[in-house]
Structure formats: C-alpha cells, structure tokens
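Summary of structural features
Chain by chain, the residues:
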Amino acid sequence: MRLRRASSLLSLLLSTALVAVGSPASAATKTFVDAKGDAPFDVDIRKVKVVHGKKAVRIVVRVQDLVLDEFGLAPESSVFIDTKKSKRGPEYMVGTGGYHAYFFAVKNWKLLSFPDDPYGDITCGWKLAESESADLLTYQVPRSCLGNPSRIRVSVVIRSYDQDGNTVSSDKSPAYRKFHGWVRRG
Ligand SMILES: [Ca+2]
C-alpha cells in the first residue's frame, strides 16, 4: 500500500513540477530552516517546506541524511497540521511509524482514530513519498481532508528507535509542540 502511494505521488509530483513552471502563483509556499547538528544525522531536520495549494497541502521535510530501513521506511515521523488557531494544538497528523503510514485526527496533541478507521488509513487521498537519495520526506494531503482551511501551520517530529522501541533520538521543528508560521492558501 505504501509503495503504491509513494510511486503514485512521485508521478504526481513530476507532473505538478512541470505544471508549476507555467503557473508559479498557484500555491503559497513557505520554507522554514531548521538548525543543523541539533540531532543525529538520520533524524536531523534541516528544512520544512509547506506548499498550500488550491487543492492540496504538501509538506516536504529535508533530513540531513535520511536512512531508510530494509522495508524502505524512514524513522518515525509526525507532521502535525494546525488549521484552527482557536482550538488548542493541531487538528490532524500525517506520519510514519511501525512499518505504516497514517493520517489521524488530533485533539490536544493526542491522536484520535476516525470512527471508521482505527489505524489511521482514512482514505481521503493523502500520500507519502520517501527519497533516501534526496533526503526528502514528502507528505501530501488534500485540503478537503483538512476541512478546507484558509491557512495552516505545521510542527514536525522525526524519531528513531532502538530494537526495544525506546526513542534513541529525535528532532522537533521548530520545537516541542511549537508551530512554524502560518501558510495561507495560494
Ligand atoms: Ca535540525
């Protein structure tokens, strides 16, 4: 499932890149730089790019040296998406972990299962692509999955674990339970 999502996103990204050349104003984009060396290289977040287009939100996370395991999976990652300033914390999370990619509703920074989807596989068309060679994790979520917000902001966490499931290291961008700036719909 993951691989199919990844390959379809790749082809989507390629076609989007070609289209974007002719319509640079179609999405609002902000890039946030994260400190280098504040975490071990395999979880060290360097950049978080948020592209808020008319139909989808794309979050591209660059890690200093992304290492995928034998299953082609990155360390655990969480992209928390805030859509309502009036409600505490983010409303959604898209991420990876436990050999799985998932999309959850969130309340007070805690993951909520959608009623029909306890494993976060809600099928609203979100996608994930991981590139070890480019050190990029790319998450794409249709705006309709997010309640069509006028603006969003994100908080990113990447963790690695030892064999017992204990957190070995992590990087949080911009910081624990803090968000980068708002990005309005382009
Ligand atoms: Ca960092």
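The written sequence of each chain sets the order in which its residues are numbered from 1. Under the rules for a predicted model, residues below a pLDDT of 70 receive no local features and side-chain atom pairs below 80 are neither given nor counted, while totals for whole chains, interfaces and linings still include all residues.

For the chain, the count of helices and strands is one helix and twelve strands. Three classes are used. A residue is buried when 20 or more other C-beta atoms lie within 10 Å of its own, exposed when 12 or fewer do, and partly exposed in between, with C-beta atoms placed from the backbone. Split into buried and exposed, the 186 residues of the chain put 33% on the buried side. Note that contacts rest on C-beta atoms placed from the backbone: two residues are in contact if these are within 7 Å. Across the chain, every contact between residues at least 6 apart in sequence was considered, and the portion connecting residues at least 24 apart equals 57%. A run of H or I in DSSP becomes a helix once it reaches four residues, and a run of E becomes a strand once it reaches two; helices and strands are each numbered from the N terminus.

Right, let's talk about the environment of Ile81 for a bit. Structurally, Ile81 is set in strand S4 (residues 76-82). Given 24 C-beta atoms within 10 Å, Ile81 falls into the buried group. Beyond its immediate chain neighbours, meaning those up to four positions away, Ile81 contacts Pro90, Glu91, Tyr92, Met93, Leu146, Ile152 and Val154.

Turning our eyes to something else, we now look at the environment of Gln140. One can find Gln140 in strand S9 (residues 136-142). As a C-alpha pair, Gln140 and Ile59 span 81 residues in sequence and 6.4 Å in three-dimensional space.

Let us now look at the confidence of the model for the chain. On a scale of 0 to 100, pLDDT captures the predictor's confidence in every residue. Scored by pLDDT, the chain comes out at a mean of 84, with 82% of its residues at no less than 70. Between the elements of the chain, mean pLDDT differs from a low of 40, seen in helix H1 (residues 2-22), to a high of 98, seen in strand S2 (residues 45-53). For residues 1-24, every residue scores under 50 in pLDDT, and the model assigns this stretch 17 contacts once sequence neighbours within four places are set aside.

A separate point is the nonpolar core. By size, the foremost hydrophobic cluster in this structure holds 39 residues, and its most contacted members are Ile59, Val61, Val79, Ile81, Val94, Val141 and Val154. Listed by contribution, the elements that provide at least two residues to this core are S2, strand S3 (56-63), S4, strand S5 (92-96), strand S6 (101-107), strand S8 (127-131), S9 and strand S10 (151-161). Among residues more than four places away in sequence, those in contact with Val94 are Val79, Phe103, Trp126, Tyr139 and Val141. The nonpolar core is taken to be a set of buried Ala, Val, Leu, Ile, Met, Phe, Trp, Tyr and Cys residues joined by way of C-beta atoms within 7 Å.

This part covers the pairing of S5. In terms of burial, S5 is a largely internal element, five of the five residues being buried. Of the two faces of S5, both are covered, the one formed by Tyr92, Val94 and Thr96 as well as the one formed by Met93 and Gly95. Summarising the sheet, S5 and S6 pair through five bridges and their orientation is antiparallel. Each residue of the ladder has a partner; that of Tyr92, found in S6, is Ala105. Strand pairing follows a simple DSSP-based rule, namely that at least 2 bridges must link the two strands.

Bringing the sheet that holds strand S1 (residues 27-33) into the picture now. Note on sheets: strands pair through backbone hydrogen bonds, and any given pair is parallel or antiparallel. Taken together, five strands build an open sheet; the order of strands is S1-S2-S3-S9-S8 and the sheet is antiparallel. Only two strands of the sheet have a single neighbouring strand rather than two, namely S1 and S8. Each neighbouring strand pair of the sheet contributes to a mean axis angle of 10°, computed without reference to strand direction. Here S2 runs beside S3; their pairing, made up of seven bridges, is antiparallel. As a rule, the C-alpha atoms of each element are fitted with a line to give its axis, helices using only the stretch in contact, and angles between N-to-C directions run from 0 to 180 degrees.

The next thing to look at is the environment of Arg159. Looking at where Arg159 falls in the secondary structure, it is placed in strand S10. C-alpha of Arg159 to C-alpha of Asp44: the two residues are 115 residues apart in sequence and 9.2 Å apart in space. Not counting residues up to four positions away in its chain, the partners in contact with Arg159 are Val43, Pro75, Glu76, Thr167 and Ser170.

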